[in-house]
Amino acid sequence: MMSKSYTNLLDLASGNFPVMGREKRRLPRVMTVAGVISELDDDQANSVTSDVPSSIIVDRIIIVANQLPVKAKRRPDNKGWSFSWDEDSLFLHIKDGLPDDMEVIYVGSLKVEVDSSEQDDVSQLLLDRFKCVPAFLPPDILSKYYHGFCKQHLWPLFHYMLPYSASHGSRFDRSWWEAYVAANKIFSQKVIEVINPDDDYVWIHDYHLMVLPTFLRRRFNRLRMGFFLHSPFPSSEIYRTLPVREEILKALLNSDLIGFHTFDYARHFLSCCSRMMGLEYQSKRGYIGLEYYGRTVGIKIMPVGIHMGQIETVLQLADKEWRVGELKQQFEGKTVLLGVDDMDIFKGVDLKILAFEEMLKQHPKWQGRAVLVQIANPARGKGKDLEEIQEEIKTSIKRINDKFRKPGYDPIVFIDRPVSLTERAAYYTVAQCVVVTAVRDGMNLTPYEYVVCRQGIPGSDCTAEESNGLKNSMLVVSEFIGCSPSLSGAIRVNPWNVEATAEALNEAISMADGEKVLRHEKHYKYVSTHDVAYWSRSFFQDLERSCKDHFRRRCWGIGLSFGFRVVALDPNFRKLSIDTIVSAYSRAKNRAILLDYDGTLMPQTSINKVPSPQVISIINTLCGDERNTVFLVSGRGRDSLGKWFSPCEKLGIAAEHGYFLRWSADKEWEVVGQSNDFQWMEMAEPIMKQYTEATDGSHIETKESALVWHHRDADLGFGSCQAKEMLDHLESVLANEPVAVKSGQFIVEVKPQGVSKGLVAEKIFATMAESGRQADFVMCIGDDRSDEDMFEIIGNAINSGILSSSTEVYACTVGQKPSKAKYYLDDTTEVRTMLEALAEESPPPPSSEIVT
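Residues numbered from 1 in each chain as written. Predicted model: local features only at pLDDT ≥ 70, side-chain atom pairs only at ≥ 80, totals over all residues. Heavy atoms only, no water.

Undergrad: Would you explain the overall build of the protein chain in this entry?
TA: Of the regular secondary structure elements, the protein chain holds 25 helices and 35 strands. Burial statistics for the protein chain: of 852 residues in total, 57% are counted as buried. Nonlocal contacts in the protein chain, meaning residues at least 24 apart in sequence, comprise 72% of its contacts between residues at least 6 apart. In the structure as shown, the protein chain presents an accessible area of about 36,400 Å², 49% of it carried by carbon and sulfur atoms. (Helix = DSSP H or I, 4+ residues; strand = E, 2+ residues; numbered from the N terminus. Buried < 20%, exposed > 50% of the residue type's maximum accessible area, 1.4 Å probe, protein only. Contact = heavy atoms within 4.5 Å. Areas by Shrake-Rupley, 256 points an atom, 1.4 Å probe, with all protein chains shown as cover.)

Pasting the structure below:
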């Protein structure tokens, strides 16, 4: 029988969120923090509650990962289970970097299958003794979620492997995706069981749980939540092939902080956000952030480290067990190169073996002396590709050993079994060089472990060979692994180039001892100071910083399914209420109404920019009211604006950002700009033409007073890059000219100095005051940077007396974004709806002015 939670999640994956927690509906806990949350439906009314009663506030973090950091095995009598900490689990050691008084709770699955009759007892035992909350996944979901979607779709895709054919990788299977969503919901339910949403932090790990942030954010709008991806994040060209690409991207953006091992991975993620969602990141004081519906989603770049204490402990064990001594005896007189890899298709073990063979061929002096010890950890996945790689590796090893074998010498020692960390440490100690040739890997901590083991423990036999009393080590690492950038003393290789890798192996083991010592010391200094505690401490500190304004902002959730997101706004920045502004409009006697055009009355994406009859009718009605002074303030030229709005005879127009001004159709155009010298155009236009020729999809708009370079139809990344370059170029060339060079939404504009929408607004207010009609109602609406000048000038106008302190001001931006305006409307449709409401409060214009 299919479980209820599973059917709910199938609904969710199809586009409908299920109602969570209906069965155990409780009275919500009282929030003790300031703020207002608007709920969209009955379920959202529970969005700040928890099934856990409130207690004394203690800082607590809930770490959520696919697997708990515990080992489980059946008791000998087959009655019940015994559990112990998994010391090899990264997640267990995260607590070392957290505050000493912080409580840590783990949520994840177990590596073993527990019968449903035992699950309650196991859950209670794990919670009481280990502070672990197990998520039990039904076998059908587990198979499709982990072995299906995670291992056969996400894992290959994130490692740049696309299913070009049915025999090469696995094609997208929607039932796998539904199981992935179902599993993530089960994890969310386990988090909800133990969370205190106002007090706790949640830290989610890795690609298994990428949609979990949406489940938790929908339930708890202000939850402090971070996510760290331990695998690579592919380039946007690869990621965009994923059929559920937007669902996963939007789910991740429900986190407060998203972490990556390297800048490359973060850059790829940011590129996807830019290309798919139009989000641009900003770097401020060293921190990278994405503005997403009023929330700033932080981006953290920090490679994970190893647990120094654990490595030192296993080194002591390896010493006590005499394993190091045995290996030194076994490989006496030999130069040992070591590889430690999981058996999967991306580790490049086959390429490493071929490179070692090439080295023996090209440098015969190493035949009989150099040994490659390859430890292959058991495969976590399965499939035809993996079987082929395993067969190729075994065939190559047999061929090489048969060719170069001598009495007492096998060039390749292949260890195809699980190897404990203690035994691995012993191999690290005797190896002169560690070789990692993965073709793609998220991080890979093998080089870090090796460096620490070569440093050894003072006074122990478990110590590397010394040169003049100094330790040394050598690394040959693939440039495609996450740890490569942090190991500046390693020899980096392209593993696909077998010949070059072979030369790198020879260089590494032939290097002078003094050079090896210097490289080793550099690596050890980094690895020993950037351990797992340093990583977790750094991530948690950034998570705290990213969440510091959570309870100061007004938040509410909007959207269905994976389109759900939380809108967070400053308390002073709110949506413009139509009822409120209509009431103020009705009371006013002298009104100033200033409207932008593109992006305010006309959608930016519209190809036909001519105003609709509806817009003309609304504007005409507003202009027909004698109490109104209505102005269209736009960056467009006066000819097009004058032609389009010719039916609106009483409409004032400020064209080209206010360089030209006309109070009504029967008045002449005024030149407001301070300069009539346009010789600078002869300098600016050739530069713009140069960039236009080099940037497909861009074009130049020539106005009477300005030049504008548009790149909306160009490639997003290249167009933005070219715009920044052009901005610098023009500022340099025109530094001594009376012009201003500015960037806007997909534009770079050069215009005369002293021309802005703000100055136009000030002139309109001043003229009204001088004629005895000081405005007691001001409405100003715009959507981009140029309109911010208008919003800013209103405050100055009040201070200077041009506007009265009692003037009712409605500065409104279009779209929810940082702005100097105090109000916002979501889009041009809402702007027209609001203007229509105001028009209904005005008397209709004379019949001759009505446009049909």
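Let's pick the thread back up.
Undergrad: Please clarify how the pattern of salt bridges should be interpreted in this entry.
TA: Note that side chains of opposite charge can pair when their charged atoms are close. If you walk through the whole model with that rule in mind, you get 37 salt bridges. For the salt bridge of Arg-323 with Glu-326, the shortest nitrogen-to-oxygen distance reads 3.0 Å. Taken together, the positions of Arg-323 and Glu-326, both in helix α10 (residues 323-330) and three residues apart, correspond to about one turn of that helix. You can call Glu-326 partly exposed: its relative accessible area is 42%. Put simply, Arg-638 and Glu-704 hold a salt bridge, and the shortest N to O gap is 2.7 Å. One end of the pair, Arg-638, is in helix α20 (residues 638-644); the other, Glu-704, is in the loop between β29 (699-702) and β30 (707-710), and 66 residues separate them in sequence. Residues joined in a network through salt bridges with shared partners are Arg-323, Glu-326, Arg-417 and Glu-423. (Salt bridge = Lys/Arg side-chain N within 4 Å of Asp/Glu carboxyl O.)

Undergrad: Whenever I open this one, the sheet that holds β29 confuses me. Can you help?
TA: Strand pairs in the sheet, formed through backbone hydrogen bonds, run parallel or antiparallel to each other. Read across the open sheet, the four strands follow the order β29-β30-β32-β31; overall the sheet is antiparallel. A single partner strand is all that each edge strand has here, and the edge strands are β29 and β31 (739-744). The sheet shows a mean angle of 15° between the axes of neighbouring strands, direction not considered. Direction of pairing for β31 relative to strand β32 (residues 747-752): antiparallel, over a ladder of six bridges. The residue of β32 that forms the bridge with Val-739 is Pro-752. (Pairing = 2+ DSSP bridges. Axes fitted to C-alpha atoms, helices over the stretch in contact; angles between N-to-C directions.)

Undergrad: Before we go on, may I ask you to explain the environment of Arg-662 in this structure?
TA: Relative to the helices and strands, Arg-662 is located in strand β27 (residues 660-662). For Arg-662, a relative accessible area of 10% corresponds to the buried category. Contact partners of Arg-662, with chain neighbours within four places excluded, come to Phe-631, Gly-642, Leu-651, Gly-652, Ile-653, Lys-667, Glu-668 and Trp-669. Here Ser-664 takes part through its backbone oxygen, which lies 3.3 Å from a polar atom of the side chain of Arg-662. (Polar contact = N/O pair within 3.5 Å; in protein donor to acceptor, adjacent residues only side chain to side chain.)

Undergrad: Quick question: what am I supposed to make of the packing of helix α7 (residues 245-252) against helix α8 (residues 263-277) here?
TA: The geometry of a pair of packed helices is captured by two quantities: the angle between their axes and the separation between those axes. Look at α7 against α8: their axes get within 11 Å of each other, and the N-to-C directions meet at 115°. The way α7 lies across α8 gives a crossing that is left-handed. Listed contacts from α8 to Arg-245, Glu-246, Leu-249, Lys-250 and Leu-252 of α7 are Phe-269, Cys-272, Cys-273, Met-276 and Met-277. Across the contact of α7 with α8, the residue classes tally to seven nonpolar, no polar and three charged. (Left-handed = near helix turned anticlockwise from the far one by under 90°. Nonpolar A, V, L, I, M, F, W, Y, C, P; charged D, E, K, R; others polar.)

Undergrad: So what exactly am I meant to see when it comes to the packing of aromatic side chains here?
TA: Geometry of an aromatic ring pair is reported as the spacing of the ring centres plus the angle between the planes. Tallied over the entire structure, the rule returns 33 aromatic pairs. Each ring, one from Tyr-597 and one from Trp-644, has its centre 5.8 Å from the other, and the planes form 40°; the classification is tilted. In this pair, Tyr-597 is assigned in the loop between β24 (591-595) and α19 (613-624) and Trp-644 in helix α20, connecting sequence segments 47 residues apart. Centre to centre, the rings of Phe-777 and Tyr-810 are 5.7 Å apart; their planes meet at 40°, and the pair counts as tilted. Here Phe-777, found in strand β33 (residues 777-782), pairs with Tyr-810, found in strand β34 (residues 808-814); they are 33 residues apart in sequence, far enough to count as distant. Residue classification places Tyr-810 among the buried positions, given a relative accessible area of 5%. (Phe/Tyr/Trp six-rings, centres within 6.5 Å; stacked < 30°, edge-to-face > 60°.)

Undergrad: Is there a simple way to explain helix α3 (residues 139-158) in this structure?
TA: One full turn of an α-helix is made of 3.6 residues, so residues set three or four places apart face in the same direction. Of all the bends found along α3, the most pronounced is centred on Cys-150 and spans about 40°. One or two residues past the end of α3 sits Tyr-160, with phi positive at roughly 70°. (Bend = angle between axes of the 7 residues up to and from the residue.)

Undergrad: When you look at the pairing of strand β13 (residues 335-342) in this model, what are you seeing that I'm missing?
TA: For a regular strand, the rule is simple: side chains alternate between the two faces of the sheet. The buried fraction of β13 amounts to eight of the eight residues, a majority that puts the element mostly inside the structure. Burial along β13 is two-sided: the face carrying Thr-335, Leu-337, Gly-339 and Asp-341 and the face carrying Val-336, Leu-338, Val-340 and Asp-342 are both buried. As judged from the eight bridges shared by β13 and strand β14 (residues 370-377), these two strands associate in the parallel manner. Looking at the pairing, Leu-337 lines up with Leu-372 of β14. Regarding the hand of the β-α-β motif, the stretch spanning β13, helix α11 (residues 349-362) and β14 is right-handed. Sheet analysis places β13 next to strand β16 (residues 433-436), joined by two bridges and oriented parallel. Counted as the bridge partner of Leu-338 is Val-434 from β16. (Right-handed = clockwise from strand over helix to strand, strands pointing away.)

Undergrad: What should I look at first to understand the side chain of Glu-449 in this one?
TA: Counting through the fold element by element, Glu-449 comes out in helix α14 (residues 446-455). Only 3.3 Å separates the side chain of Glu-449 from the side chain of Arg-424, close enough to count as a polar contact. Excluding anything up to four places from it in sequence, Glu-449 contacts Ile-306, Ile-311, Leu-421, Arg-424 and Tyr-428.

Undergrad: Mind showing me how you'd approach the environment of His-530 here?
TA: By the element assignment, His-530 lies in the loop between α16 (513-529) and α17 (532-546). For the pair His-530 and Met-308, spaced 222 residues apart in sequence, the C-alpha to C-alpha distance is 9.7 Å. Polar contacts involving the side chain of His-530 include one to the side chain of Thr-529, which spans 3.0 Å.

Undergrad: Before we go on, may I ask you to explain the pairing of strand β3 (residues 70-74) in this structure?
TA: Note: β3 against strand β4 (residues 81-85), five bridges, orientation antiparallel. Residue pairing for β4: Lys-73 is matched across the bridge by Ser-82. The hairpin turn running from β3 into β4, its antiparallel successor, is six residues long, and Asn-78 in that turn takes a positive phi close to 65°.

Undergrad: Is there a simple way to think about unusual backbone geometry in this case?
TA: A negative phi angle characterises most non-glycine residues, just as the trans form characterises most peptide bonds. Non-glycine residue Arg-285 carries a positive phi angle of around 55°. Relative to the elements of secondary structure, Arg-285 occurs in the loop between β10 (281-284) and β11 (287-292). If you check the backbone angles, Phe-746 has positive phi at about 60° while not being a glycine. As for its placement among the helices and strands, Phe-746 is situated in the loop between β31 and β32.

Undergrad: What should I look at first to understand the sheet that holds strand β19 (residues 475-478) in this one?
TA: The sheet built from six strands is open, its strands ordered β15-β14-β13-β16-β19-β20 with parallel pairing. For this open sheet the edge positions go to β15 (412-415) and β20 (491-493), each flanked by a neighbour on one side alone. Neighbour to neighbour, the strand axes of the sheet diverge by 20° on average, direction disregarded. Lying over the sheet, helix α13 (residues 421-430) contacts β13, β14, β15 and β16, oriented at roughly 145° with respect to β13.

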